[in-house]
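Each chain, written out:
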Amino acid sequence: MNDVSSVKVVGRLAPSPTGVQHVGNARTYLLAWLSIRSRGGRLILRIEDIDSPRVKAGAAQQAIDDLRWLGLDWDEGPDVGGSHAPYVQTERIESYREALLRLQRTERVYPCTCTRSDIEAAASAPHIEHEGAIYPGTCENRSALDAVTLGDRPFAWRFRTTDRDVEFDDRMVGPQRTNVRRDLGDFVVGKMDGSVAYQLAVVCDDHAMGVTEVLRGDDLLPSKFRQLELYSTFGWTPPAFAHVPLVVGPDGRRLAKRHGDTRLATLRQQGVSAEQLIGLLAWSCGLRPTREPVTARELLVDFDLCRVSRERFVFTEPHPW
Ligand code: GLU
Ligand code: ZN
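Scope of this entry: the structure provided in the associated data block. (Residues numbered from 1 in each chain as written. Chains lettered and ligands numbered in written order. Predicted model: local features only at pLDDT ≥ 70, side-chain atom pairs only at ≥ 80, totals over all residues. Heavy atoms only, no water.)

## So, the pattern of salt bridges
- Under the counting rule described, the total for this entry stands at 26 salt bridges.
- Between Asp165 and Arg177 there is a salt bridge, with its nearest N and O atoms 3.4 Å apart. You can see Asp165 sitting in strand β5 (residues 165-168) and its partner Arg177 sitting in strand β6 (residues 176-179), a full 12 residues away along the chain. (Salt bridge = Lys/Arg side-chain N within 4 Å of Asp/Glu carboxyl O. Helix = DSSP H or I, 4+ residues; strand = E, 2+ residues; numbered from the N terminus.)

Following this line, the structure appears as structure tokens:
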């Protein structure tokens, strides 16, 4: 049923074209699509390619082909256009630079000259896996204006986090409490060459594109709190967040190459159909009692995010299709 508010729901699929999409990505995109489409909302496809050294040629088109093969669609995107164009991050850099300038003018960032090993060496507290050491605050007494005095010394623009507990609800994980300064530390939002980091770009884009729900993998859960700090600094309304469990290998680690070839393109070549894969994914999420093949569209009928399993799904290879 659509009530008036549900019409305004806007979500996004935001693949990074850093390689090929695999079974784990497919599950997250399927849920993001179902969550929005089941409420009659709009979807945007955005290609997150600012991480240039890791971007592989042709990978953006490959991501689009993979998503289409799964039976997912979108109302706006690089291939279909729309009123929030462009939909490729490397074409939106000017807007990120403006945002960075705002942070510099309001002293919310400072130039940090620490190297990764400086930070590792100075940080004592244990840190969350994949998150790196918590920044110990070495350069926090600098002002944004001090950047000009650094000469040729390489530096990054680091965001000044606030030392207070924030609570925020997550549609999947539930309410959570964090002190960003203590638990995550000041984080990098830009480099001296004018390039910006994921944290800043994603907030600028989701705000500019009117996104009301961000559904993504729970590896990005800590980043939610960093991004909420940015929303609050800019005075922007944050979207609702839903962080869904990842697909892991038998060793409990996030699905990756070491677990065998689970690329969608490979499954396709092996003759696996999108319906077979969606059937497996729907079963893995607890949305269907069996792995019976099904289309994404058929799952819309009774979809409810509350029914999605909170457990990580262990993908074993070779898989009985
Ligand atoms: N582009 C990111 C990824 O593919 C997703 C970022 C996000 O959803 O905020 O992992
Ligand atoms: Zn520093």
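There is more to say, and it comes next.
## Points about helix α7 (residues 221-234)
- Taking 1.5 Å per residue, 14 residues should reach 20 Å; α7 reaches 21 Å between its end C-alpha atoms and fits that length.
- The buried fraction of α7 amounts to 12 of the 14 residues, a majority that puts the element mostly inside the structure.
- Among the residues of α7, those classed as buried are Leu221, Pro222, Ser223, Lys224, Phe225, Arg226, Gln227, Leu228, Glu229, Leu230, Tyr231 and Phe234.
- After α7 finishes, the residue Gly235 shows a positive phi value of roughly 75 degrees. (Expected span 1.5 Å × (residues − 1). Buried < 20%, exposed > 50% of the residue type's maximum accessible area, 1.4 Å probe, protein only.)

## Topic: the packing of aromatic side chains
- Evaluated as defined, the whole model comprises seven aromatic pairs.
- Plain terms: the ring middles of Tyr110 and Tyr135 are 6.5 Å apart, the flat faces sit at 40 degrees to each other, and that makes the pair tilted. You can see Tyr110 sitting in strand β3 (residues 109-112) and its partner Tyr135 sitting in the loop between α4 (116-122) and β4 (156-159), a full 25 residues away along the chain. Residues Tyr110 and Tyr135 agree in their burial class; the two are buried.
- Aromatic side chains Phe313 and Phe315 sit 6.4 Å apart centroid to centroid with 80 degrees between the ring planes, which places their arrangement in the edge-to-face category. The pair Phe313 / Phe315 is uniform in exposure class, with both members buried.
- Ring pairing ties together the aromatic residues Trp283, Phe313 and Phe315, which thus form one cluster.
- The ring centre of Trp74 lies 4.0 Å from the NZ or CZ of Arg68, which sits over that ring.
- Positioned above the aromatic ring of Trp283 is the side chain of Arg291, whose terminal nitrogen or guanidinium carbon lies 4.1 Å from the ring centre. (Phe/Tyr/Trp six-rings, centres within 6.5 Å; stacked < 30°, edge-to-face > 60°. Lys NZ or Arg CZ within 6 Å of the ring centre and 35° of its normal.)

## Observations concerning the site of ligand 1
- In the vicinity of ligand 1, the contacting residues are Arg12, Ala14, Ser16, Glu48, Tyr198, Val202, Arg216 and Leu220.
- At a separation of 2.8 Å, an oxygen atom of ligand 1 approaches a polar side-chain atom of Arg216.
- Across the complex, the protein chains shield 78% of the 300 Å² of accessible surface that ligand 1 would expose by itself. (Near = heavy atom within 4 Å. Polar contact = N/O pair within 3.5 Å; in protein donor to acceptor, adjacent residues only side chain to side chain. Areas by Shrake-Rupley, 256 points an atom, 1.4 Å probe, with all protein chains shown as cover.)

## Notes on the coordination of the zinc ion (ligand 2)
- At this site the zinc ion (ligand 2) is bound by Cys112 (SG), Cys114 (SG), Tyr135 (OH) and Cys139 (SG), with donor distances of 2.1 to 2.3 Å.
- Seen from the zinc ion (ligand 2), its four donor atoms lie at angles of 100 to 123 degrees, and the figure they make is tetrahedral.
- All donors of the zinc ion (ligand 2) belong to a single chain; written as a sequence motif, their spacing is C-x1-C-x20-Y-x3-C.
- Overall, Tyr135 belongs to the buried group, its relative accessible area being 6%.
- Using a relative accessible area of 5% as the deciding quantity, one classes Cys139 as buried. (Donors = N, O, S within 2.8 Å, 3.2 Å for Na, K, Ca; no water. Tetrahedral: all angles 85-135°; square planar, octahedral: opposite > 155°, others 65-115°.)

## Some details on the packing of helix α3 (residues 93-105) against helix α6 (residues 198-208)
- Relative orientation of the contacting elements α3 and α6 amounts to 110 degrees, with a least axis distance of 10 Å. For the element pair α3 / α6, the angle class is roughly perpendicular. Residues Ser95, Tyr96, Ala99, Leu100 and Leu103 of α3 form the contact with α6, whose own contacting residues are Leu200, Ala201, Cys204 and Asp205.
- Its residues assigned to classes, the contact of α3 with α6 comprises seven nonpolar, one polar and one charged. (Axes fitted to C-alpha atoms, helices over the stretch in contact; angles between N-to-C directions. Parallel < 35°, antiparallel > 145°, perpendicular 65-115°, else oblique. Contact = heavy atoms within 4.5 Å. Nonpolar A, V, L, I, M, F, W, Y, C, P; charged D, E, K, R; others polar.)

Keep in mind that these numbers describe shape and distance, not what the molecule does.
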